[in-house]
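# Coordinates in review
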Amino acid sequence: MVTGTDSSGFDDPPAKVLVEAAGAFGLLASPARLHIMWALAQGESDVTGLAERVGGALPAVSQHLTKLRLAGLVRARREGRRQVYFVDDPDIVTVVRLLVGRLTDRAEDAPVRHLRGV
C-alpha cells in the first residue's frame with residue numbers, strides 16, 4: 001500500500017482507514033442520526049429520551065441507534081430493563097460538537113449554505 005506525505009509533513013492514511021472514515025461520515029450524513037449523535041455527545045440517554053429529544057418515532061430512533069452501534073460510533077449498557085446509549089470516544093464527541101457548533105455559529109450570522117454537490 002502506498003501512502004504519501006504532503007507538504008505539511010502529514011502522511012496520507014491507508015485506504016482502509018479512509019473507507020472506514022467515509023462509512024462513519026456516511027452514517028452521520030443523516031440529519032436524524034447526526035441529531036442523535038449530538039444529543040449523546042451531551043450525555044447518555046435511553047431510546048425513549050432520545051426519541052423525545054430529537055422528535056423521532058421510537059422505532060426509527062431505535063433503528064438509527066442500531067446502525068450507529070454496529071458502526072462503533074455509540075455503545076450501550078443495560079440498566080435494568082432499559083438500554084442506555086453513550087458515545088465513549090472523546091474524538092467522535094469532539095468532531096460532532098465542533099462541526100455542529102461551527103455550523104450553528106455560521107447560521108446565526110448568515111443563511112445556512114447547503115453543501116450538496118460539493
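Everything that follows concerns the structure shown earlier in this document.
Quick summary incoming for the structure in this document. (Residues numbered from 1 in each chain as written. Predicted model: local features only at pLDDT ≥ 70, side-chain atom pairs only at ≥ 80, totals over all residues. Heavy atoms only, no water.)

## A look at the overall build of the chain
Under the convention used in this document: Secondary structure elements follow DSSP: runs of H or I of four or more residues count as helices, runs of E of two or more count as strands, with numbering from the N terminus. Any residue under 20% of the maximum accessible area for its type is buried, any over 50% is exposed, and the rest in between are partly exposed; the area is computed with a 1.4 Å probe on protein chains only. In this description, contact between two residues means that some pair of their heavy atoms is separated by no more than 4.5 Å.
Each helix and strand in the chain was counted, giving five helices and three strands. Beginning at the N terminus, the succession of helices and strands in the chain can be written as α-α-β-α-α-β-β-α. Taken over 118 residues, the chain has a buried fraction of 24%. Counting contacts in the chain only where the partners sit at least 6 residues apart, residues at least 24 apart contribute 47% of the total.

## Considering the nonpolar core
Basically, it comes down to this: What we call a nonpolar core is a set of buried Ala, Val, Leu, Ile, Met, Phe, Trp, Tyr and Cys residues that are connected through their side-chain atoms within 4.5 Å.
Counting residues in hydrophobic clusters, the biggest one holds 21 residues, and the most contacted among them are M37, L40 and L68. Sort the elements by how many residues they give to this core and helix 2 (residues 31–42) lands first, with five residues. Filtering out sequence-adjacent residues up to four positions away, L40 remains in contact with S45, L50, L65, V74, Y85, F86 and V87.

## Observations regarding the sheet that holds strand 3 (residues 82–86)
Note the threshold: Any two strands with at least two DSSP-identified bridges between them are counted as paired.
If you trace the three strands from one edge of the open sheet to the other, you get 1-3-2, paired in antiparallel fashion. Each of the sheet's edge strands pairs with one partner strand only, and the pair in question is strand 1 (45–46) and strand 2 (75–79).

## A short note on the pattern of salt bridges
Applicable threshold: Salt bridges are counted wherever a side-chain nitrogen of Lys or Arg sits within 4 Å of a carboxyl oxygen of Asp or Glu.
Taken as a whole, this structure holds five salt bridges when the rule is applied. The structure contains a network of salt bridges with shared partners spanning E44, D46, R77, E79 and R82.

## Structural notes on the packing of helix 2 against helix 5 (residues 90–109)
The condition that has to hold: Simply put, an axis is a line fit to the C-alpha atoms, just over the touching stretch for a helix, and the angle between two N-to-C directions goes from 0 to 180 degrees. The crossing is said to be left-handed when, going from far helix to near helix, the turn is anticlockwise and less than a right angle, and right-handed when the turn is clockwise. Put simply, Ala, Val, Leu, Ile, Met, Phe, Trp, Tyr, Cys and Pro go in the nonpolar bin, Asp, Glu, Lys and Arg in the charged bin, and everything else, Gly too, in the polar bin.
At a minimum axis distance of 9 Å, the contact between helix 2 and helix 5 shows a crossing angle of 115°. For the element pair helix 2 and helix 5, the recorded crossing hand is left-handed. Contact residues: L34, M37, W38, A41 and Q42 in helix 2; I92, V93, V96, R97, V100 and G101 in helix 5. Here the residues of the contact of helix 2 with helix 5 sort into eight nonpolar, two polar and one charged.

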